[in-house]
Amino acid sequence: MFFRVDANAAIGSGHFMRCSAIASALRERGVDVRFLVSDENSRAFLGSAGVESIVMFGDCMNLGAEDGIRIASIVTARDVVVVDSYAVSEPFFAAMASCGLRVVYLDDAYTFTDGCLEIPKPWPVLGVVNYGFAFEEKDYRFVYGSRSPATFLLIGPRYAIVAPLFSSLAGTACISYPVLNVMVTSGSTNPHHSLERMVAGCRAALPQARITVVVGRAATFEDSAFNDDNLVLLHDVVDMAHLMLENDLVVSAAGTTLYELCTLGVPSAAVPIVDNQLINIGGFEKLALGSVIKNLNWQPDDIRRAVVELTVSQESLKRVHDSMRDCIKGDGAQLVADALIAVAKRGFGKAIAGGSRPSVQSSKCGLSEISVDVKPRTIRPT
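As the structure is a computational prediction, the values presented were derived from the model and not from experiment.

A. A look at the overall build of the protein chain. Scanning the protein chain for helices and strands turns up 14 helices and 16 strands. The proportion of buried residues among the 382 residues of the protein chain is 54%. Considering only residue pairs separated by 6 or more positions, the protein chain has 67% of its internal contacts joining residues 24 or more positions apart. Accessible surface for the protein chain amounts to roughly 15,300 Å². Of this, 51% is attributable to carbon and sulfur atoms.

B. Molecular detail of the nonpolar core. In this structure, Phe3, Ile22, Leu26, Phe35, Phe133 and Phe284 are the most contacted members of the largest nonpolar core, which totals 66 residues. One finds Met198, Ile211, Ala253 and Ile273 within the second-largest nonpolar core, a separate group that totals 30 residues.

C. Up close: the pattern of salt bridges. Using the criterion set out here, one finds 17 salt bridges in the structure. Among the ionic pairs, Arg305 bridges to Asp302, the shortest N-O distance being 2.5 Å. Linking Arg305 with Asp302, this pair stays in helix H11 (residues 300–310), spanning 3 residues, or about one helical turn. Through salt bridges with shared partners, a single network forms among Asp301, Asp302, Arg304 and Arg305.

D. Structural detail: the sheet that holds strand S12 (residues 231–235). In spatial order, the strands read S12-S11-S10-S13-S14-S15; together these 6 strands make up an open sheet with parallel pairing. Looking along the sheet, the strands with just one partner apiece sit at the ends: S12 and strand S15 (291–292). Judged from the 4 bridges that link them, strand S13 (residues 249–253) and strand S14 (residues 268–271) form a sheet pairing that is parallel. Bridge pairing in S14 places Ala253 opposite Val271.

E. Region of the structure containing the pairing of strand S9 (residues 152–155). The side-chain alternation of S9 yields two buried faces, one formed by Phe152 and Leu154 and the other by Leu153 and Ile155. In this sheet, S9 lies alongside strand S8 (residues 127–130) in parallel orientation, the contact comprising 4 bridges. Across the sheet, Val128 pairs through a bridge with Leu153, a residue of S9.

F. Looking closely at the layout of surface pockets. Considered as a void within the structure, the second largest pocket measures approximately 180 Å³ in volume. What lines the second largest pocket is Glu285, Gly290, Ser291, Val292, Ile293, Lys294, Asn295, Asp302, Arg305, Ala306 and Glu309. For the lining of the second largest pocket, the secondary structure elements donating two or more residues are S15 and H11. For the lining of the second largest pocket, the element with the highest residue contribution is H11, accounting for 4 residues. Classifying every residue of the lining of the second largest pocket gives 3 nonpolar, 3 polar and 5 charged.

G. Inspection of the packing of helix H3 (residues 65–72) against helix H4 (residues 90–98) at higher detail. Two elements in contact, H3 and H4, have axes separated by 7 Å at closest approach and are oriented at 30°. As summarised for this structure, H3 and H4 are arranged roughly parallel, according to the angle between their axes. As for how H3 packs across H4, the hand of that crossing is right-handed. Facing H3, whose interface residues are Ala65, Asp67, Gly68 and Ile69, H4 presents Pro91, Phe92, Ala95 and Met96. Residue composition of the contact of H3 with H4, by class: 6 nonpolar, 1 polar and 1 charged.

H. Representation of unusual backbone geometry. Note the cis peptide between Tyr177 and Pro178, where omega equals 0°. One non-glycine residue, Ala109, lies in the positive phi region at around 55°. Tracing the sequence through the fold places Ala109 in the loop between strand S5 (103–106) and strand S6 (110–111). Residue class for Ala109 comes out buried when judged on its relative accessible area of 0%. One non-glycine residue, Ala288, adopts positive backbone phi at about 55°. Looking at the element boundaries, Ala288 is found in the loop between helix H10 (278–286) and S15. Judged by relative accessible area, Ala288 falls into the partly exposed class, the value being 43%.

I. Geometry of the pairing of S13. Of all the 5 residues making up S13, 5 are buried; the element is thus mostly covered by neighbouring parts of the structure. Alignment of strand S10 (residues 181–185) against S13, held across 4 bridges, turns out to be parallel. The residue of S13 that forms the bridge with Val184 is Val251. Note on the crossover from S13 through helix H9 (residues 256–264) to S14: the handedness is right-handed.

J. Examining the environment of Ala23 more closely. Within the element layout of this structure, Ala23 appears in helix H1 (residues 13–28). Spatially, the C-alpha atoms of Ala23 and Arg34 are 8.7 Å apart, while their sequence positions differ by 11 residues. Sequence-distant contacts of Ala23, defined by excluding residues within four places in its chain, comprise Phe3, Val33 and Phe35.

K. Quick peek at H4. Burial in H4 covers these residues: Phe92, Phe93, Ala95 and Met96. Taken end-on, H4 shows its buried residues confined to a sector of 160°, consistent with a single buried face. Of the surrounding secondary structure, the elements contacted by the buried residues of H4 are H3, strand S4 (79–84) and S5.

Reading the values: the criteria
- Residues numbered from 1 in each chain as written.
- Predicted model: local features only at pLDDT ≥ 70, side-chain atom pairs only at ≥ 80, totals over all residues.
- Heavy atoms only, no water.
- Helix = DSSP H or I, 4+ residues; strand = E, 2+ residues; numbered from the N terminus.
- Buried < 20%, exposed > 50% of the residue type's maximum accessible area, 1.4 Å probe, protein only.
- Contact = heavy atoms within 4.5 Å.
- Areas by Shrake-Rupley, 256 points an atom, 1.4 Å probe, with all protein chains shown as cover.
- Core = buried A, V, L, I, M, F, W, Y, C linked by side-chain atoms within 4.5 Å.
- Salt bridge = Lys/Arg side-chain N within 4 Å of Asp/Glu carboxyl O.
- Pairing = 2+ DSSP bridges.
- 1 Å grid on protein atoms, 1.4 Å probe; cavity = no way out; pocket = protein on both sides within 12 Å on 5 of 7 lines; lining within 4 Å.
- Points joined across faces, edges and corners; volume = space filled by probe spheres on them.
- Nonpolar A, V, L, I, M, F, W, Y, C, P; charged D, E, K, R; others polar.
- Axes fitted to C-alpha atoms, helices over the stretch in contact; angles between N-to-C directions.
- Parallel < 35°, antiparallel > 145°, perpendicular 65-115°, else oblique.
- Left-handed = near helix turned anticlockwise from the far one by under 90°.
- Right-handed = clockwise from strand over helix to strand, strands pointing away.
- Arc of directions from axis to C-beta.

Spelled out as structure tokens, the structure:
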């Protein structure tokens, strides 16, 4: 099994997290796993997490035909490859298909070239996983039905992939009212002083609350703007799961963290800090999972209103808590791993859709990729 991942402190850490979660589930099931990356920066990032990788010397921001061919030179016809990248392109997937590779794509309905995609693109792949809040299987069946009717689809937040620690703590958050402890986070970065604006809005809504600010590895925070003894700054947090559980409410960027919060059941306000998070915002609101801000030009008063809406009563907090727990169970990595193994052992058609498609092979990506090999081989990192 090969995971193709490019990541650093600022971008791609979410891709690495979900590939790592699937890899962990696969190892538990006796599958050998390898990671492939584009450059030494990504190799160093993975190395800091104790993960060895093989450098493929490609462009992690723009994957083309040569990248697919490069992967084909490494894998065998027994492999399944899961691509997880915003850098994908039609030539990239076409090259892998022409080499006989069979690919499963972790799709966020976003690419560097096209930006946010309201309608998914029908790539030539064996299967697609998209656990976004905004998507249902019918959305993908509509676009894949005529072109690739045999493509297997794992669509919707039921398949949300979170780290093993979050899975082990699924649904354990408790409701506390009135809200006295609030956490704010914008992920690894802090674009346009998002954290500072979040804090200002939370303080206006909850003057007495203790506010914990999680400052990401590629972020800074201007605490001099606040004369607040009830403000706590945390850097390089290792155990986010238990920190979340210690808080009554979280104001969060609308990326990977939202799926983790839903897994735990911590009431949350979702805030977009980059354009590709707007899709998540729409789905989060539609599923009634918490309060939301719907535009990128939000101000502290928008945060204040979102927090007030969520904390108006204990019943409102419990309502979103219950919706979160019903939406995400924490076992998405296990479900995806089981699907990949079934494909590798028995072929796509028998394992997933009752069709006649045979076993699986492998390929490459720009931010993450997985290739399943049911008969592990020795590949030495370069």
